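Residue-level listing of the chains:
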Amino acid sequence: MNVGLPEAIAAEQGIVLYVDGVTVSFDGFKALNNLSYTVRTGEMYAVIGPNGAGKTTMMDVVTGKTRPDSGQVYFKQVHDLTRLDEAAIANLGIGRKFQKPTVFENHTVMENLELALKSKRGPFASLFFRLTPERADRIDEVLTTIGLTGQRQAMAGTLSHGQKQWLEIGMLLIQEPELLFLDEPVAGMTDAETEQTSELLRQIAGKHSVVVVEHDMAFVRALDVKVTVLHEGSVLAEGSLDHVQNDEKVIEVYLGR
Amino acid sequence: MPIRVNRALVLAFALALVLGVLAAPSRSLAQEAEFAELVATLATGDFAEKTAAIAALTATGDPRVQPMLEAMADRRLYLREEDGLVAIGEDDAEGLRLIDVLTGEEAGIVGSRDVDRIRANNRMRGIIRSALGTMTLMNPDAAVRLEAAETVFRSQDEGALDALEQALAAEADDAVRAAMEKARAAILLGSEDAVLRLEAVEALSSFTDPDIRSMLAALLVQDQDGTFAETDEAVRAAATEALDAIEQRLALWRTAGHIYQGISLGSVLLLAAIGLAITFGVMGVINMAHGEMVMLGAYTTFVVQQLFRDYMPGLFDFSLFVAIPAAFLVAGAAGVAIERGIIRFLYGRPLETLLATWGLSLILQQLVRTVFGPTNREVGAPSWMQGAIETTAGITLTYNRLYIILFCLIVFAGLIMVLRRTPLGLQMRAVTQNRQMAKAMGIRTGRVDALTFGLGSGIAGMAGVALSQIDNVSPNLGQSYIIDSFLVVVFGGVGNLWGTLAGAFSLGIANKLLEPYAGAVLGKILVLVAIILFIQKRPRGLFALKGRAVEA
Amino acid sequence: MTAASRPSGYVPLLMRLDRGGMVLLSVLAAAAIAVPALNLLMPPDSPFHVPTYLVSLWGKYLCFALLAVSVDLVWGYCGILSLGHGAFFALGGYAMGMHLMRQIGDRGVYGDPILPDFMVFLDWDQLPWYWHGFDSFAFAALMVLLVPGTLAFVFGWLAFRSRVTGVYFSIISQAMTYALLLAFFRNDMGFGGNNGLTDFKDILGFDLQADGTRAALFVASAIALAGGYLICRLMVTSKFGRVLMAIRDGESRTRFLGYRVEMYKLLVWTVSAMMAGVAGALYVPQVGIINPGEFSPANSIEIIVWVAVGGRGTLYGAALGGVLVNYGKTYFTGAAPEIWLFLLGGLFIAVTLLLPKGIVGTLSQWWQGRRGFGLRKRARPAVPASEGGAAE
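Definitions and limits used
- Residues numbered from 1 in each chain as written.
- Chains lettered and ligands numbered in written order.
- Predicted model: local features only at pLDDT ≥ 70, side-chain atom pairs only at ≥ 80, totals over all residues.
- Heavy atoms only, no water.
- Pairing = 2+ DSSP bridges.
- Helix = DSSP H or I, 4+ residues; strand = E, 2+ residues; numbered from the N terminus.
- Axes fitted to C-alpha atoms, helices over the stretch in contact; angles between N-to-C directions.
- Contact = heavy atoms within 4.5 Å.
- Buried < 20%, exposed > 50% of the residue type's maximum accessible area, 1.4 Å probe, protein only.
- Parallel < 35°, antiparallel > 145°, perpendicular 65-115°, else oblique.
- Nonpolar A, V, L, I, M, F, W, Y, C, P; charged D, E, K, R; others polar.
- Arc of directions from axis to C-beta.
- Core = buried A, V, L, I, M, F, W, Y, C linked by side-chain atoms within 4.5 Å.
- pLDDT = per-residue confidence, 0-100.
- Buried area = accessible area lost by both parts, 1.4 Å probe.
- Salt bridge = Lys/Arg side-chain N within 4 Å of Asp/Glu carboxyl O.
- Polar contact = N/O pair within 3.5 Å; in protein donor to acceptor, adjacent residues only side chain to side chain.
- Right-handed = clockwise from strand over helix to strand, strands pointing away.

**Notes on the sheet that holds strand β7 (residues 179-183) of chain A**
All names here are of chain A.
In step 1: Spatially, six strands are ordered β6-β7-β8-β3-β9-β10 in an open sheet, and the strand pairing comes out mixed. Edge positions in the sheet fall to β6 (94-97) and β10 (234-239), since each of these pairs with one other strand and no more. For this sheet, the mean inter-axis angle between neighbouring strands, taken without regard to orientation, is 20°.
In step 2: Both β7 and strand β8 (residues 209-213) contribute to a ladder of five bridges, which runs parallel. Paired with L182 across the two strands is V212, which belongs to β8.
In step 3: Against the sheet, helix α2 (residues 55-62) engages β3 (44-48), β6, β7, β8 and β9 (226-231), with an angle of about 150° to β7.

**As for the environment of G380 of chain B**
Residue and element names in this part refer to chain B.
In step 1: Note on placement: G380 falls in the loop between α14 (350-372) and β6 (388-390).
In step 2: The class of G380 is buried, set by a relative accessible area of 10%.
In step 3: Separated by 64 residues in sequence, G380 and F316 have C-alpha atoms that sit 9.1 Å apart.
In step 4: When near neighbours in sequence (up to four residues on either side) are disregarded, G380 contacts Q305, R309, F316 and Q469.

**Some remarks on the sheet that holds strand β4 (residues 106-110) of chain B**
Residue and element names in this part refer to chain B.
In step 1: Taken together, five strands build an open sheet; the order of strands is β4-β3-β2-β1-β5 and the sheet is antiparallel. The open sheet has two free edges, formed respectively by β4 and β5 (115-117), since each of these has just one partner strand. Sheet twist, expressed as the mean angle between neighbouring strand axes with direction ignored, is 40°.
In step 2: Pairing of strand β3 (residues 95-100) with β4, which is carried by three bridges, proceeds in the antiparallel orientation. What sits directly across from I99, in β4, is E106.

**A closer look at the packing of helix α1 (residues 19-40) of chain C against helix α7 (residues 211-237) of chain C**
All names here are of chain C.
In step 1: Direction vectors running N to C along α1 and α7 enclose 175°, while the axes themselves pass 9 Å from each other. The orientation of α1 with respect to α7, classified from their angle, is roughly antiparallel. For the pair α1 and α7, the contacting residues are G21, L24, L25, L28, A31, A32, V35, P36, N39 and L40 in the first and D211, G212, A215, F218, V219, A222, L225, A226, Y229 and L230 in the second.
In step 2: Looking at the contact of α1 with α7 residue by residue, the class counts come to 16 nonpolar, three polar and one charged.

**Quick look at helix α10 (residues 210-219) of chain B**
Residues and elements named next belong to chain B.
In step 1: Burial in α10 covers these residues: I212, M215, L216 and L219. All buried residues of α10 fall inside an arc of 90° around its axis, so they share one side.
In step 2: Where α10 is buried, its residues touch α6 (142-155), α8 (174-188), α9 (194-204) and α11 (233-282).

**Quick look at the nonpolar core**
In step 1: In terms of nonpolar packing, the biggest core is built from 260 residues, with L167 of chain A together with F280 of chain B touching the most fellow members.
In step 2: It is helix α2 (residues 52-78) of chain C that contributes the most residues to this core, 18 residues altogether.
In step 3: Residues in contact with F280 of chain B, not counting those within four places in the same chain, are V285, I286, F486, V489, V490 and V494 of chain B together with V167 and I171 of chain C.
In step 4: Of all hydrophobic cores here, the second largest spans 35 residues; its members include A186, V201, I212 and V235 of chain B.

**Let's talk about the confidence of the model for chain A**
In step 1: In the predicted model, chain A carries a mean pLDDT of 84, and the fraction of residues at 70 or more is 94%.
In step 2: At the level of individual helices and strands, chain A shows its lowest average pLDDT in helix α1 (residues 7-11) of chain A, which scores 51, and its highest in helix α4 (residues 109-116) of chain A, which scores 92.

**Looking at the confidence of the model for chain B**
For residues with low pLDDT, the predicted coordinates do not support detailed interpretation.
Residues and elements named next belong to chain B.
In step 1: Predicted confidence across chain B gives a mean pLDDT of 81, with 92% of residues reaching 70 or more.
In step 2: Put simply, helix α22 (residues 548-551) is where chain B has its lowest mean pLDDT, 40, and helix α13 (residues 319-341) is where it has its highest, 93.
In step 3: Taken as a whole, residues 1-5 scores under 50 in pLDDT and shows seven contacts with residues more than four places along the chain or in a different chain.
In step 4: Here residues 546-552 is modelled with pLDDT under 50, and outside its nearest four sequence neighbours on either side it reaches six contacts, counting other chains as well.
In step 5: Model confidence for the complex is summarised by a pTM of 0.80, with the ipTM given as 0.86.

**Concerning the interface of chain A and chain C**
In step 1: Taken together, the contact between chain A and chain C spans 40 residues of the former and 38 residues of the latter.
In step 2: Together chain A and chain C conceal approximately 3600 Å² of surface at their shared face, both sides included; 58% is due to carbon and sulfur atoms.
In step 3: Three residues stand out in chain A for area buried against chain C, namely E86, F104 and N106 of chain A, and they jointly supply 17% of the buried area on that side.
In step 4: Notably, a salt bridge pairs R260 of chain C with D85 of chain A, separated by 2.8 Å at the nearest N-O pair.
In step 5: Where chain A packs against chain C, one counts 15 residue pairs in polar contact (both at pLDDT 80 or more).
In step 6: When residues of the side of chain A that touches chain C are traced back to their parent elements, those giving at least two are α3 (86-92), α4, α5 (123-127), α6 (133-146) and α7 (161-174) of chain A.
In step 7: Residues belonging to the side of chain A that touches chain C are distributed by class as follows: 17 nonpolar, eleven polar and twelve charged.

**Some points on the pairing of β8 of chain A**
All names here are of chain A.
In step 1: Counting buried residues along β8, five of its five residues qualify, which places the element largely inside the surrounding structure.
In step 2: Relative to β8, β3 runs parallel, the two sharing four bridges. From the neighbouring strand, A46 faces β8, where its bridge partner is V212.
In step 3: Assessed by its sense of winding, the connection that carries the chain from β7 through helix α8 (residues 191-204) to β8 is right-handed.

Structure (structure tokens):
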């Protein structure tokens, strides 16, 4: 019943994402080098690491954008993500927020949410899609959560940078994923916006498993979650922020030799 | 007719040959008198005297001998009764026009009663023919000997066998020797002796020649009542075997020929595509007017040649050496103007660029049509590009194609050098990899863009010079190459010049290998469909870039 | 909350029309009534009489307008720049042409009751298998949809599944129509080679030269354009359309939302090809000939400029562009043939550099600028600010 899943992991419950021995190379450069980690249900993780440590590639592998050269990636113990494409993985319940805010600028805020709203994704289902009162209510609810009720009919392109980030987080929420990947959710935000965002993320955690990739140490500290340090495509250190900050290897990587 | 060696002839011949060689340096009066006497003997002597005279005349190697003997064999050699003049007679409306064999001058028109035809019976004609064959087969010029051997091969004249064998014994040149052996075997194939025929078939089997194939195939033809043209079974078996061997070698040669044609087509494609590989591959600009840059180059060649014709016709052979840089400059300048005037406003919008440059291509075509007229323009080939090399298996390699292959490789190598070794090349690579960073380091990106585009266009212009040698120079010249060029670049992998090289040659060769089976048009269609399918399989082409560079 | 502020819900067909669409449909309805009336009812010497050649000429423009709408559907809304739509148009035209050839019967030059003249000329003794069935109008009409549709489906399935996008897609779509051009030039393909199919006599029993038939074909073209427009409008105003635009603006972002981009593209691409096929089928009886020249890559690129001139991403703008550019073409190729290519070329450049939103987009921007804020209608830009604005 657990197709192709290693038995040791099948036995262990509560693991939503299982990544083992993943290697990805581009023209000889190893972006990921035998990377292994697990994500548990309902927990939030922060991933940090210098440029080129493989943070983005790691998300690319899990969300189906990049196929690993070797290694295993399993979602909820049964779905082999290395065999699925982006759309299928998204439909399984893995959401992703990009580093650059990527909302659809020529659609309204409302339409952006409607596109993300959990529903059938086929072309014919879209042709005959109707915005039922339940769906409208769900959109209203998320609009309230992300504080964009007043901008419902505004073109997403006209939003401020921070509002776009929230809209994108809102789009993730309305997809109702079980696992979220957030790439630098507070990049370019003001302090006040950063504060609101970390509040928003704490709300989300608990209902969902969340992996946050971030450079901003203050923000990571505010999140107060388990931290994973990536370096040259593999895990360098894991633990609380204080723990990893005192790790010799981490200091060496960050401060240079 | 039985084949045997005429000993007297050989003797006389050998003697004459020695004399001839000794006397060769200058034609003295004494020799001239001797020649005249031999001619007289030919006209009046008895059979033996005539035979000896023929041999002696042949040995002189004198150019007058051949037409004389040919005329004699054709019964066109006459003796004028009044003065004993020996002359070739040509039928004329007014009578017989005589041409003096000694001077080569006309000697008046006479009635047939005034002259005696110099008689030659069948046997004499055989001797003459053999003598003629020997004469050319022993010619000091190897090319003449080769030609003579080919002639004997084609005629399969048994009378030439003796001469052929003598010549073969003395021949030192390998190519001529081979041709003579081929001719000998071809004659022996007609022999009545099955052993000789078998020997001939075996000798022929080592040649690769469509003529020999049909010759051998003729042996195996069955007529209606089932008898073979060749009666001897062993000979037939040998012929079948020889045919197979020849067929295999011919097929190999044909394939080699197709590959050569493919390389030739590939070099044309590469020339047309290489500029595109710069503008599209390196800069990401879809320049639909690229074909028109090629056309501008071709018209520049036309103009340059016109100037040469008008002002220094003696130097016409060098016109292409002026046309190449001129075409580069004209097309390059046009390219810079296009980049500055249109394309720079459209960076990052490839589809819009495609449309604008397409519009530009329409304008350029119409402009050229208005200036030069809609018809094809004549572009001449310099003398050193004319002619061809012919191989034994009937494959022709024309010099212009060879030069274009060479030219294309030189251009390609030059371009690689420019990109790797010059400051412009360095700046170009810097700008394409990271425009912002390049700008920050003080590179004037606008200038680099314009020069890069100019370089790509200039190369297209040089391609136009080459294409003007093999294609019609008309306003539509560019149109016929643009689609192929894009496919070459896309097939090879955008942004990779070596990919473009591989793409051009593999498409060219694939096209030419398919042609004999599918025909030119269907072959091309198959290649197009194959590319469409290939791009589905490898959307980034043969040599794709991987990793982050792709995302940019 | 009024219905207008919730555009995503179910909206009746007529309410999905924008101002331009209303105008287009009204003009089409008026033309469909007025043109045949002025042609058939007015005496030839009346100043109001519309000569038959003009009826067919305008009918031809309407076919081009439908073709332009079909290209706008994929280009303006989904960002697929097809350089091969002329092929679908021509295939529809050939399907109709084959029916019209069969209708000639024994009235051809050689009088063969079954074989078209060119087959008799080539010494063929029987109809190739793929010509069977075309004697029936219903079958031919089905083929008008199915042949371009199938080709588009197969081509699109291969291309979209392997994520061939942008200019790569454009170039291979051009290769597709180029391959078909070469193929249809061949005599042994059995489509009349170089000369194509021509000398048609009648359609559904009506004489093709008769004024009434011409007028009816004009009306049919108007109805087809209106129908095609409505189908496209229905598609783009549904959530399907919003997904298409999302794909246009950020293909990979749309995938990460869980949409199978290739399925959306395949559907819209196939529908668009079928519309182009219908346009070709209506075009052929009105011009009386179909030949391989219709497959020429230059033709396909020209369609793009019609859409660009009118305004991409508006549908009615594309229809307007199709009519306007072709009117200009007819006028200038008659009045000053040597400058037509200069004009067409200049049009390509001017539109891309100066009018990226086309006539319609530029006018509506100006109109909205005058009316200021407080619009009831949302200002949806016809063209994204930059290709691939989001994601990627």
